[in-house]
Amino acid sequence: MPVSRDEVLKALEQVIDPELRRSVVDLDMVRRVEIDGGDVAVTIALTVAGCPLRSSFQDQVQNALMPLDDVESVRLDFDVMTPEERGALTARLRGGVTERTEGIALDRSTRVLAIASGKGGVGKSTLSANLAVAFDRLGKRAGILDADVYGHSIPHILGVQQKPVLVDRMIVPPVRGSLKLMSIGFFLDDNQPVMWRGPMLHRALEQFLTDVHWGELDVLVVDMPPGTGDVAISLGQLLPRAEVVVVTTPQPAAQEVASRAAVMAQKTNMRLLGVVENMSGEVFGSGGGDRLAAELEIPLLGRVPLDPRLREQGDLAVPLVEAEPESETSRELVRIAGAVLAMERERGIGITKTLPLVS
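Rules used throughout
- Residues numbered from 1 in each chain as written.
- Predicted model: local features only at pLDDT ≥ 70, side-chain atom pairs only at ≥ 80, totals over all residues.
- Heavy atoms only, no water.
- Axes fitted to C-alpha atoms, helices over the stretch in contact; angles between N-to-C directions.
- Helix = DSSP H or I, 4+ residues; strand = E, 2+ residues; numbered from the N terminus.
- Parallel < 35°, antiparallel > 145°, perpendicular 65-115°, else oblique.
- Left-handed = near helix turned anticlockwise from the far one by under 90°.
- Contact = heavy atoms within 4.5 Å.
- Nonpolar A, V, L, I, M, F, W, Y, C, P; charged D, E, K, R; others polar.
- Polar contact = N/O pair within 3.5 Å; in protein donor to acceptor, adjacent residues only side chain to side chain.
- Phe/Tyr/Trp six-rings, centres within 6.5 Å; stacked < 30°, edge-to-face > 60°.
- Buried < 20%, exposed > 50% of the residue type's maximum accessible area, 1.4 Å probe, protein only.
- Pairing = 2+ DSSP bridges.

Q: Explain the packing of helix H8 (residues 252-267) against helix H9 (residues 288-296) to me, using residue names and the numbers behind them.
A: At a minimum axis distance of 9 Å, the contact between H8 and H9 shows a crossing angle of 30 degrees. Considering the angle they form, H8 stands roughly parallel to H9. Seen along the crossing, H8 lies across H9 with a hand that is right-handed. Listed contacts from H9 to Pro252, Gln255, Ala258, Ser259 and Ala262 of H8 are Gly288, Arg291, Leu292, Glu295 and Leu296. Looking at the contact of H8 with H9 residue by residue, the class counts come to five nonpolar, three polar and two charged.

Below you can see the structure in the form of structure tokens.
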């Protein structure tokens, strides 16, 4: 007996859209199933014609259907969704998210972890990328928003060159494994600088929180810009009651500047979670993290050693936590991520500011 259409559709529930992280059956992307004896042909409707991850569908469909009894060959064809189908898909995905408030497309249950520093050069972006990967390795649904608009480096550190996909009015972020990523760098040509004034940056960041389909994340890591400028203030307005990890290096100068960023975070209604001392070791002195934590009356979450491999792996686009998970530095980063997850989230935190969609 040939395999039935219902058996094929049941098996295709294993096929996950690599960007939307949902089954192609659940997303109504299976357009046709044709069965001729032991030959099965499946047509999947893609959101856009040039889907960069279409090869993933090919492998998944083969792996899902070939083990079925009486299936001898599998052919996969592609089509493209109509505007009406894309609109229905957007509505279906939006309907699965409990908004934090009107216009913000982050699920209410998502913890927002802002990684902040008083100045550049303290390894904040490298720390943000490795923490996001650590959350992912700890089994959490994680995303990272590269909000360091003038110094956007997260795509390079994570090795992601794939562009976001626009589905109707919804932006689908690129993925690295199961880690979702959004950066202003995806919208710039080559290595062009961002030459925008505050209002334009505010609108761009606002759009990353309203139009991007983050889905049901456990943790969204936000790589904040250094200092206390207008971008950091905008993020404080857009994400009040987010949880802030303050990054400093051991020397007193960095500690003093980091203290200003922490005070600004408090004034914009963010919650200080803890301090991470980065580049710990004799080169930059000692005690900066302890002093900052004591001054702010928050815990010192950990000390990340001054480790050349942390920088080298960032340049190689494979974060150290992934490349050398058993190294001392990686273990400390994963321990810090675990400590953050273990800290009880303040009840009732949420965004109280109503924001319109940005067109």
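Q: Now, about the side chain of Thr249: what can you tell me, with residues and values included?
A: If you trace the backbone, Thr249 turns up in the loop between strand E13 (243-248) and H8. Within the structure, Thr249 has its side chain in polar contact with the side chain of Gln251 (distance 2.7 Å). Other than its neighbours up to four places away in sequence, Thr249 contacts Val122, Ala254, Gln255, Glu277, Asn278, Met279 and Gly288.

Q: Could you give an account of the packing of aromatic side chains, with specific residues and numbers?
A: In this structure the tally under the stated criterion is one aromatic pair. When the ring of Phe57 is compared with that of Phe78, the centres are 6.3 Å apart and the planes differ by 65 degrees; the resulting orientation is edge-to-face. Of this pair, Phe57 sits in helix H2 (residues 54-65) while Phe78 is found in strand E3 (residues 73-80), placing the two residues 21 residues apart along the sequence. Looking at Phe57, the relative accessible area reads 0%, which means it is buried.

Q: Let's hear about the sheet that holds E3: which residues, and what values?
A: Spatially, the three strands line up as an open sheet ordered E1-E2-E3, and their pairing is mixed. Looking along the sheet, the strands with just one partner apiece sit at the ends: strand E1 (30-36) and E3. Direction aside, neighbouring strands of the sheet carry axes that sit 15 degrees apart on average.

Q: Explain the pairing of E13 to me, and be specific about the residues and the numbers.
A: Counting buried positions over the six residues of E13 gives six, a clear majority of the element. Burial along E13 is two-sided: the residues Glu243, Val245 and Val247 and Val244, Val246 and Thr248 are all buried. Here strand E6 (residues 111-117) pairs with E13 via five bridges, running parallel. Bridged to Ile115 within E13 is Val245. Sheet analysis places E13 next to strand E14 (residues 271-280), joined by six bridges and oriented parallel. Paired with Glu243 across the two strands is Arg271, which belongs to E14.

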